[in-house]
Amino acid sequence: IQEAFLKLREQAKCYYHRPQELQSGLDVISNTNLVYFTPTQKAEFFTLKGQFLAKLGKLEEANHAFATGIQLDLGSPKAWAAWGRYNDERFCSNMPDTTGAVNAISCYMQAAGLAKRPRVRRYLARTLWLLSQDDASGNVCAAFDSYKSEMPTWYWIAFIPQLLAGLDAPYSRQVQQILLRIAKQYPQALYYGLRTAREESQIARRRQTHGPSQAPAQALASSAPLNAATDTAASPTPGLSSGTAVPAIEELMPKLKTAHPLLALSMETMIDQIVHRLKPYPEEDTYRLVHGLLSDGLQQLHLHVSQGKFDLGLVDIIVANTCRVAVGLPSGAIKARFELDFGKVREMDLCEYVTKLY
C-alpha cells in the first residue's frame, strides 16, 4: 500500500508541474480507490486534489477538497499549510477583502503548531505580513488571537527585528504578546534588540519634542550618514517611532529584567565593557566625522548636478553639521586646521567645500 501511495503521489506531482496535463493529474487522483489507504494518506490525496482544482480555477471545489483533507487528518501540517497557501492566494487576488487573510492565518498557525520544525518559519513570515494587511474591522488580528494551541516560541526568534518594528503598527498587541513569550523563555535573544529599540524610540521622541530647533538634525537622521558620525546613538529603525512603541517597550523591558535579573545585569555589564574598550581614538573619531561631512557634500553636489541646478550654495543642514563638528573636535592641531579651513563655511559653495574636505 505504501509503495502504491508513493507512486501515485509522485505521478500526480509530475502532472502538477505541467500546465497542459493538469486535468490528467486530477483524473489520476479522482479515479484512485482510497479505501485501502490510511487517513493521513487520504488527507494528502485530497490536498493534492485541492491544489489541482485551484490551479484549474475551480476555487469552490478546491476549497471543499482542502476541507475534506483536514477532516480526514486534523493533525496533518501539510494539509493545513496547503489550505493556508490557497487562502493566501485568494486574499492577494481579492484585496482588500480580508476573508482569505483570516482563513490563511488560521491555517498557517495550525501548520506551524503541528509541524515542530524550523521550516515552518515561512508560515510565520506570511502571518506577519497578513497581520499588516488588516483593516479597521480587525478580523485578521482576531483570527491570530483565536489560536490557542501550543507553538514553540523559538520559531519567532528569527523575526525579532520585524516584531520590534511591529510594536508601532496596528497589530502591536499581537506582537507584544509574542515578544513577552520570548522574553520569558529566551531573554538573551531579545535583550540587545529590545534595548536598542528602546534607545531609538527615546531618541525619536526627544526629536519630536524639541520641534523646529532640532529640524536640521531630524531631517539629516533620515537621509544622511552624518547622523551616525555626530551622534553616539543609531538612527531610529524604519517603522519604529515614539507612538505606541515606547509604552510597549517600557512594559517589556522591566518584565524581562524582573524575570531574569542576573542575566540582565550580566548583559548590561558586557555592554559597558564593549563601549569602554571599543571607544575609538580621537584621530579615528575625527576621520569618521570628516568622512560623514564629505559624504553629505558629495550627495548634495550630485543632487544639484543631476537636477541641473546652478546654485551650488551650501544648504543649512550641512552648515549646521560642520559647525557641530568644529565645536566637538578635541583641542589641538587638527581642530586648529579644521577651523582655519572651515571658519567661513557659510561663504563657501559646494565645490569649494568638497575640495577642502578631500
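Here, every reference points to the structure presented above.
Residues numbered from 1 in each chain as written. Predicted model: local features only at pLDDT ≥ 70, side-chain atom pairs only at ≥ 80, totals over all residues. Heavy atoms only, no water.

Asker: Mind laying out the overall build of the protein chain, listing which residues take part and the relevant values?
Answerer: The number of helices and strands found in the protein chain is 19 helices and zero strands. Counting over 358 residues, the protein chain shows a buried share of 41%. Split by element, the accessible area of the protein chain, about 19,700 Å² in all, is 56% carbon and sulfur. (Helix = DSSP H or I, 4+ residues; strand = E, 2+ residues; numbered from the N terminus. Buried < 20%, exposed > 50% of the residue type's maximum accessible area, 1.4 Å probe, protein only. Areas by Shrake-Rupley, 256 points an atom, 1.4 Å probe, with all protein chains shown as cover.)

Asker: How would you summarise the packing of aromatic side chains if you had to cite specific residues and measurements?
Answerer: Within the structure shown, the criterion is met by 14 aromatic pairs. Centroid distance Phe144 to Trp156: 6.5 Å. Interplanar angle 75°. Geometry classified as edge-to-face. Here Phe144, found in helix H8 (residues 139-145), pairs with Trp156, found in the loop between H8 and helix H9 (160-165); they are 12 residues apart in sequence, far enough to count as distant. For the pair Phe144 and Trp156, a shared accessibility class is recorded, and that class is buried. Look at Phe338 and Phe342: their rings are 4.8 Å apart centre to centre, the planes differ by 35°, and that puts the pair in the tilted class. With Phe338 and Phe342 both in helix H18 (residues 333-342), this residue pair falls four residues apart, about one helical turn. Chaining the aromatic ring pairs together yields one cluster made of Phe5, Phe37 and Phe45. The ring of Tyr16 has Lys55 sitting right over it, with the charged end atom 4.2 Å from the ring centre. (Phe/Tyr/Trp six-rings, centres within 6.5 Å; stacked < 30°, edge-to-face > 60°. Lys NZ or Arg CZ within 6 Å of the ring centre and 35° of its normal.)

Asker: Account for the packing of helix H16 (residues 282-306) against helix H19 (residues 350-357), naming residues and giving values.
Answerer: At a minimum axis distance of 9 Å, the contact between H16 and H19 shows a crossing angle of 150°. Like other packed secondary-structure pairs, H16 and H19 cross with a definite hand, here left-handed. Seen from H16, the contacting residues are Val290, Leu293, Leu294, Gly297, Leu298, Gln300, Leu301 and His304; seen from H19, they are Leu350, Cys351, Tyr353, Val354 and Leu357. Of the residues contributing to the contact of H16 with H19, the split by class is 10 nonpolar, three polar and no charged. (Axes fitted to C-alpha atoms, helices over the stretch in contact; angles between N-to-C directions. Left-handed = near helix turned anticlockwise from the far one by under 90°. Contact = heavy atoms within 4.5 Å. Nonpolar A, V, L, I, M, F, W, Y, C, P; charged D, E, K, R; others polar.)

Asker: For the pattern of salt bridges, give the residues involved together with the corresponding values.
Answerer: Applying the stated criterion across every chain, the model contains 10 salt bridges. In this structure, Glu199 engages Arg195 in a salt bridge whose closest nitrogen and oxygen atoms are separated by 3.0 Å. Highlighted residues: Glu199 and Arg195, both in helix H11 (residues 187-210), separated by four residues, approximately one helical turn. The class of Glu199 is partly exposed, set by a relative accessible area of 31%. Look at Arg195 and you get buried, because its relative accessible area is 17%. Ionic pairing is found between Lys255 and Glu251, a salt bridge with its closest N-O pair at 3.1 Å. Of this pair, Lys255 and Glu251 both sit in helix H14 (residues 245-259), four residues apart, which is roughly one turn of that helix. Lys255 sits in the partly exposed class, given a relative accessible area of 39%. Looking at Glu251, the relative accessible area reads 37%, which means it is partly exposed. Via salt bridges that share partners, Arg9, Glu10 and Glu44 belong to a single interconnected network. (Salt bridge = Lys/Arg side-chain N within 4 Å of Asp/Glu carboxyl O.)

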